[in-house]
Amino acid sequence: MHTGEIIIAGGSKNPLKVNRFGYGTMRLTGEGIWGEPKNRPEALEILKQAVRSGVNFIDTADYYGEDVTNRLIKEALYPYPKDLVICTKVGGARKPDKSWIPFNSPENLRSSIDNNLRTLKLEQITLVHFRIIGHGGAPLKESMDAMFEMQKEGKILHVGISNVSPDELHMVLGMGNIATVENMYGHGQRHSLKQSWGEETRGGEEVLAMCEQHKIPLVPYFSLVNSMPKKDARISVIAKKHHASDAQIHLAWLLHRSPWILPIPGTSSLKHFEENLKAREIALSEEDIKFLE
């Protein structure tokens, strides 16, 4: 395997070691990331199989569903294995029309953290990403002050940040210890992208060097969603060479791109989940990596 382990918050008093291949739960919800999964037993089995397969980093958010993925995690895995890191996100909410809105005032964040603690049945959340969503609500500094305050209170062990620009990351690094960064990143979409609804989704390439410099894991999201449709011929060539699927090569590329990248591919299919796991076993050569540049 070419995953190994990665240290989260290595500069703090409570460093964590996780296996460098996680699972993102967003796809376990219904259509539009809303409501219950179409196949609830399969969703629960994916979570159980993840832990059995050595995955000990699971990404969730209480606005997935809403609360759907948190409740599935609790149902499938509680009482949790000691080494399991459940990473959640706050900073956003859903309106009745299923749109996404900022939910980032200190009061909003506190209610979100309390909700995550309740639905996950935890006394402390090991890792929380503050997710920057759209424009509006509280200034970033005010939101992050609230995050660090809840960390001092013991509600949060480690604080991370998601959808962040280089300037924003530089600012929050001056406020406190940032354990992880979660930005969009994949072979086919490495840089920030302006979405059809006007919001910019921040890319991982812009912050990767800063993450490496500070030994902060970069957790990439949308790695396959934004890359697979582009059908890069180079990916197919390497996939054929390794008798692998294109998706597996996309994931293997992330694992080889930097030792500070922690992929969290998500799927609602147990078959696809097991196929994704096999990317851990693919050893790309220097020649392969250069070809995929």
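Up top you'll find the structure we're talking about.
Residues numbered from 1 in each chain as written. Predicted model: local features only at pLDDT ≥ 70, side-chain atom pairs only at ≥ 80, totals over all residues. Heavy atoms only, no water.

K.L.:
How would you summarise the overall build of the protein chain if you had to cite specific residues and measurements?
P.N.:
The helix and strand inventory of the protein chain stands at ten helices and 13 strands. At 18 Å, the protein chain has a C-alpha radius of gyration in line with the 19 Å of a compact globule built from 293 residues. Dimensions along the principal axes, computed over C-alpha positions, put the protein chain at roughly 55 × 40 × 40 Å. By residue count, 54% of the 293 residues in the protein chain fall in the buried class. The long-range share in the protein chain, meaning contacts at least 24 apart out of those at least 6 apart in sequence, stands at 72%. Counting every atom, the protein chain has about 13,200 Å² of accessible surface; 51% of that belongs to carbon and sulfur. (Helix = DSSP H or I, 4+ residues; strand = E, 2+ residues; numbered from the N terminus. Rg over C-alpha atoms; globule rule 2.2 N^0.38 Å. Buried < 20%, exposed > 50% of the residue type's maximum accessible area, 1.4 Å probe, protein only. Contact = heavy atoms within 4.5 Å. Areas by Shrake-Rupley, 256 points an atom, 1.4 Å probe, with all protein chains shown as cover.)

K.L.:
Provide a residue-level description of the packing of helix α7 (residues 233-241) against helix α8 (residues 246-257), including the pertinent values.
P.N.:
Running from amino to carboxyl end, α7 crosses α8 at an angle of 100 degrees, the nearest separation of the two axes being 9 Å. One element, α7, and the other, α8, form an angle in the roughly perpendicular class. Here α7 contributes I235, S236, I238 and A239 to the contact with α8, which in turn contributes D246, I249 and H250. The residue inventory of the contact of α7 with α8, partitioned by class, reads four nonpolar, two polar and one charged. (Axes fitted to C-alpha atoms, helices over the stretch in contact; angles between N-to-C directions. Parallel < 35°, antiparallel > 145°, perpendicular 65-115°, else oblique. Nonpolar A, V, L, I, M, F, W, Y, C, P; charged D, E, K, R; others polar.)

K.L.:
Break down the side chain of Q189 for me, citing the residues and quoting the values.
P.N.:
Its location among the elements puts Q189 in the loop between β10 (181-184) and β11 (193-194). One polar contact links Q189 to K230, side chain to side chain, over a distance of 2.9 Å. Ignoring sequence-local partners within four residues, the contact set of Q189 consists of M184, N226, S227 and K230. (Polar contact = N/O pair within 3.5 Å; in protein donor to acceptor, adjacent residues only side chain to side chain.)

K.L.:
Tell me what's going on with α7, and back it up with residues and numbers.
P.N.:
Where α7 is concerned, the buried positions are I235, I238 and A239. Along α7, the residues classed as buried sweep out an arc of 105 degrees about the axis, all on the same side. Residues of α7 that are exposed and angled more than 90 degrees away from the buried face: A233 and K240. Among the structural elements, α8 and α10 (286-292) are those in contact with the buried residues of α7. (Arc of directions from axis to C-beta.)

K.L.:
So what's going on with the packing of aromatic side chains? Which residues, and what values?
P.N.:
Applying the stated criterion across every chain, the model contains six aromatic pairs. Between Y63 and Y64 the ring centres are 5.6 Å apart and the planes differ by 90 degrees, which places this aromatic pair in the edge-to-face class. Each member of the pair, Y63 as well as Y64, carries the same accessibility label: buried. (Phe/Tyr/Trp six-rings, centres within 6.5 Å; stacked < 30°, edge-to-face > 60°.)

K.L.:
Requested: an account of unusual backbone geometry, with residues and values cited.
P.N.:
The phi torsion of most residues other than glycine is negative, and most of the peptide bonds are trans. In the segment running from G65 into E66, the intervening peptide bond is cis, with an omega of 10 degrees. Mapped onto the elements, E66 comes out in the loop between β4 (57-59) and α2 (68-77). Each neighbour pair has its own omega, and for Y78 with P79 the value is 0 degrees, a cis peptide bond. Position of P79 relative to the elements: it lies in the loop between α2 and β5 (85-90). Located in the positive-phi region is N163, a residue other than glycine, with phi close to 60 degrees. Looking at the secondary structure, you find N163 in the loop between β9 (156-162) and α5 (166-173). Judged by its relative accessible area of 1%, N163 falls in the buried class. Although it is not a glycine, K215 adopts a positive phi angle of roughly 55 degrees.

K.L.:
Outline the nonpolar core, supporting the account with residue identities and numerical values.
P.N.:
Ranked by size, the top nonpolar core spans 67 residues in total, and within it M144, M147, I161 and V181 carry the most contacts. A total of seven residues in this core trace back to one element, the largest contributor, which is α8. In terms of nonpolar packing, the next biggest core, distinct from the first, is built from 15 residues, A9, L16, V18 and V85 among them. (Core = buried A, V, L, I, M, F, W, Y, C linked by side-chain atoms within 4.5 Å.)

K.L.:
Tell me what's going on with the pattern of salt bridges, and back it up with residues and numbers.
P.N.:
In the structure shown here, the tally under the stated rule is 14 salt bridges. The residue K89 makes a salt bridge to E182 at a minimum N-O spacing of 4.0 Å. Of the two residues, K89 sits in strand β5 while E182 sits in strand β10, which places them 93 residues apart along the sequence. Of the residues examined, K89 reaches a relative accessible area of 3% and is grouped as buried. Among the salt bridges present, the one from D288 reaches K241, with a minimum N-O distance of 2.7 Å. Here D288 is found in helix α10, whereas its partner K241 is found in helix α7, with 47 residues between them in sequence. The buried category is assigned to D288, whose relative accessible area is 2%. Of the residues examined, K241 reaches a relative accessible area of 46% and is grouped as partly exposed. By sharing partners, the salt bridges in this structure join E36, R40, R71 and E75 into a single network. (Salt bridge = Lys/Arg side-chain N within 4 Å of Asp/Glu carboxyl O.)

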